[in-house]
Amino acid sequence: MKKTNKKQNLLLIVLGVVLVAAAVLYATGILGGKTALEAGPAVVKNGDVVGQGAKAFPFTMVDKEGAETTITVQTDKQMVGEALQENGLVEGEEGAYGLYVKKVNGIPAEYEVDGTYWAFYVDGAYAITGVDVTEIQEGSAYMMKVEK
């Protein structure tokens, strides 16, 4: 009787380890051939107007191939990053220097994989502040561009 219990316990442990390993491989993209930041469908298209609010600003996104998408963002938020996040246009993670943007309009930039990142521009100049701490200014245009 003890041999059967030992065999069952061993089988359950092995099965558990296999399931955990499969979950880890799937989450990291090794299983299924996808990366963790795989591009999904674009959130917006060129010329779209997103959001609602008293403030409005143009926002341009430039992907790895140089394709530009320019939209108008409307918001009542104070910061550019807040307005973009509330409309699902940017995704990232908080770090020591603020929001580290990893996806814009569903498009990833993976520094760890290919050395690319999302650069932030204000009125055509490389921004000296992060997107999450840049206040929306009337008449200003904002852009995020994949760079290497």
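Here's what I pulled together on the structure shown here. (Residues numbered from 1 in each chain as written. Predicted model: local features only at pLDDT ≥ 70, side-chain atom pairs only at ≥ 80, totals over all residues. Heavy atoms only, no water.)

1. Examining the overall build of the protein chain
- Of regular secondary structure, the protein chain possesses three helices and nine strands.
- Walking the protein chain from its N terminus toward its C terminus, one meets helices and strands in the order α-β-β-β-α-β-β-β-α-β-β-β.
- Looking at the protein chain residue by residue over its 148 residues, the buried ones come to 32%.
- Sequence-distant contacts in the protein chain: of pairs separated by 6 or more residues, those separated by 24 or more amount to 49%.
- Counting every atom, the protein chain has about 9600 Å² of accessible surface; 58% of that belongs to carbon and sulfur. (Helix = DSSP H or I, 4+ residues; strand = E, 2+ residues; numbered from the N terminus. Buried < 20%, exposed > 50% of the residue type's maximum accessible area, 1.4 Å probe, protein only. Contact = heavy atoms within 4.5 Å. Areas by Shrake-Rupley, 256 points an atom, 1.4 Å probe, with all protein chains shown as cover.)

2. Let's talk about the packing of aromatic side chains
- Summed over all chains, the structure comprises three aromatic pairs.
- Each ring, one from Phe 57 and one from Tyr 142, has its centre 5.1 Å from the other, and the planes form 85°; the classification is edge-to-face. Residue Phe 57 is found in strand S2 (residues 55-62), and its partner Tyr 142 is found in strand S9 (residues 142-147); the two are separated by 85 residues along the sequence.
- Judged by its relative accessible area of 1%, Phe 57 falls in the buried class.
- Aromatic side chains Phe 120 and Tyr 142 sit 6.2 Å apart centroid to centroid with 10° between the ring planes, which places their arrangement in the stacked category. You can see Phe 120 sitting in strand S7 (residues 117-122) and its partner Tyr 142 sitting in strand S9, a full 22 residues away along the chain.
- With relative accessibility at 6%, the residue Phe 120 sits in the buried group.
- Taken together, Phe 57, Phe 120 and Tyr 142 form an aromatic cluster joined through their ring pairs. (Phe/Tyr/Trp six-rings, centres within 6.5 Å; stacked < 30°, edge-to-face > 60°.)

3. Some remarks on the environment of Ala 83
- Summarising the element assignment, Ala 83 is placed in helix H2 (residues 80-86).
- Among the residues examined, Ala 83 registers a relative accessible area of 0% and is labelled buried.
- Linking Ala 83 and Ile 136, residues 53 residues apart in sequence, is a C-alpha distance of 9.0 Å.
- Contact partners of Ala 83, with chain neighbours within four places excluded, come to Phe 57, Val 73, Thr 75, Lys 77 and Ile 136.

4. What to know about the pattern of salt bridges
- For the coordinates displayed, the defined rule picks out two salt bridges.
- Two residues, Lys 64 and Asp 114, come together in a salt bridge whose shortest N-O distance is 2.9 Å. Of this pair, Lys 64 sits in the loop between S2 and strand S3 (68-75) while Asp 114 sits in helix H3 (residues 111-114), and the two are 50 residues apart along the sequence.
- The exposure class assigned to Asp 114 is partly exposed, which follows from its relative accessible area of 26%. (Salt bridge = Lys/Arg side-chain N within 4 Å of Asp/Glu carboxyl O.)

5. Describing unusual backbone geometry
- Notably, Asn 105 is not glycine yet its phi reads approximately 55°, a positive angle.
- Looking at the element boundaries, Asn 105 is found in the loop between strand S5 (98-104) and strand S6 (107-108).
- Among the residues examined, Asn 105 registers a relative accessible area of 3% and is labelled buried.

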